[in-house]
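Observations on chain architecture
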Amino acid sequence: LYADMGHFGRRPIRIGWFALVLPALMLNYFGQGALLLQRPDVIDNPFFYMAPRWALYPLIGLATMATVIASQAVISGAFSLTSQAIQMGYLPRMHISHTSGEERGQVYISVVNWTLMVACISLVLGFRSTQALAGAYGVAVTTDMVFTTLLIATCARVRWNWSLPVAVTVGLGLLCVDVPFWLANLTKIPHQRGWVPLAIAGVIFSCMMAWKKGRELLAAVIDRRILPVNDAIAMIAQSRATRVPGIAVFMSRHQADTPPTLLHNLKHNKVVHEHVVLLTVKTSERPHVPPRERLAASDLGSGFHRVVLEYGFTDPVDVPSSLRHCTLDGRPLDLGRTTYFLGRETLIVRANTPFVSGFWKHLFVMMSRNAESAMTFFRLPPRRVVELGAQIEI
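In this report, the structure presented in the accompanying data block is examined.

Conventions used here
Residues numbered from 1 in each chain as written. Predicted model: local features only at pLDDT ≥ 70, side-chain atom pairs only at ≥ 80, totals over all residues. Heavy atoms only, no water. Phe/Tyr/Trp six-rings, centres within 6.5 Å; stacked < 30°, edge-to-face > 60°. Helix = DSSP H or I, 4+ residues; strand = E, 2+ residues; numbered from the N terminus. Buried < 20%, exposed > 50% of the residue type's maximum accessible area, 1.4 Å probe, protein only. Lys NZ or Arg CZ within 6 Å of the ring centre and 35° of its normal. Pairing = 2+ DSSP bridges. Axes fitted to C-alpha atoms, helices over the stretch in contact; angles between N-to-C directions. Contact = heavy atoms within 4.5 Å. Salt bridge = Lys/Arg side-chain N within 4 Å of Asp/Glu carboxyl O.

**As for the packing of aromatic side chains**
A full pass over the atoms with the stated rule returns six aromatic pairs. Note on Phe250 and Phe341: the rings are 4.7 Å apart at their centroids and 15° apart in plane angle, and the pair reads as stacked. Pair noted here: Phe250 is in strand β3 (residues 242–251) and Phe341 is in strand β9 (residues 338–348), with a separation of 91 residues, a long-range link. As far as the burial class goes, Phe250 and Phe341 line up, both buried. The ring of Tyr90 carries the charged tip of Lys212 above its face, separated from the ring centre by 4.7 Å.

As structure tokens, this is what we get:
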């Protein structure tokens, strides 16, 4: 239900929760509690003992279908969260397939799908039974409940502008229920392999933070070589560089900076295209940016143009499709005459780097080498892309 929230919106979620899911869950858990009060001997499986004998196999079939539905929700939720993490800069670029032309939230990520398959098989082979898995499951669920409460209280205060007393009161009220469950399950960490979900979460968190911190470090290294765009345009205008027909698009992280690939191309090829587009792609904090608000263009003079594309963190990124709405000197941008220039950095970790810093740097380098190319991620036509390489030491 919640994994598909982006597809249906808040109203169907609220109706589905209050009209069906919440009453069903309350009846289920209260029914099991009432059964255990009357027959404590059925504590091994009160859910199935609630049903009469003739309904056992139909209930098993229903539970099996519910399990399949729940697993599909987990899978689609993993795809959605991974896609949003990529957009927000916490994971490297991966190939994302959009499975629907109408619903933007319906995505498929093959790397995540295969990873989930390997993880599920490994868990089954490692735990061998649901009883052995119960400890890890309890730690995972209760820890998730505690962190969800902390996040919702923070969101209420920071994003929804709740007053501090109200946000703290609501948060503490929920924590009074969550924390006892969590503390009771912490005893399963050393004895019932409750450390497994914590280890998995630690690995994922380490990868996300290594990527985020690594990108910031790489940006800082590149920024030291950056020339302000106005200075670059003035320098190029005074130079004897040959202006050639066509449109060149250079990717730029910041609007005020000159893309290193532009200067690299000028240094080696000694040419500048008739029209030069300095393109910046931004990810908004909003889940969706309407197409009419996505593109902003300005004329910088001397044939240079600044274009900013802004996507929501759930929007599919398609640069050529968005550039169709761009105009240069009053005329639509001709994609057939456009060449995209991309930079490809080869990262090297400095020698004698301390162990802790060196660990996450090597992890970042490994993730960078396996990241999807910018050409594929931005959906650029391969035959119109030129890549210029650079070696950077971090």
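**Regarding the sheet that holds strand β4 (residues 271–283)**
Reading across from one edge, β5-β6-β4-β3-β9-β10 is the order of the six strands in this open sheet, with mixed pairing throughout. Each edge of the open sheet carries a strand with a single partner, namely β5 (295–301) and β10 (385–393). Here the strands of the sheet are splayed against their neighbours by 25° on average, with no regard to which way each runs. As paired strands, β9 and β10 are joined by nine bridges and run parallel to one another. By the bridge assignment, Phe341 is partnered in β10 with Val386. Packing of helix α11 (residues 260–269) onto the sheet brings it into contact with β3, β4, β6 (304–311), β9 and β10, and relative to β4 it is tilted by some 160°.

**Concerning the pattern of salt bridges**
For the structure shown, the criterion picks out seven salt bridges. Here Arg294 ties to Asp315 by a salt bridge, and the two come within 3.3 Å at their closest N and O atoms. Separated by 21 residues along the polypeptide, Arg294 in the loop between β4 and β5 and Asp315 in the loop between β6 and α12 (319–323) bring together distant segments of the chain. Given the relative accessible area of 13%, Arg294 is considered buried.

**Details of the environment of Leu198**
Position of Leu198 among the secondary structure elements: in helix α9 (residues 195–223). Relative accessible area serves as the criterion here: at 37%, Leu198 is assigned to the partly exposed category. Separated by 50 residues in the primary sequence, Leu198 and Thr148 place their C-alpha atoms 15 Å from one another. Not counting residues up to four positions away in its chain, the partners in contact with Leu198 are Val139, Thr143 and Ile189.

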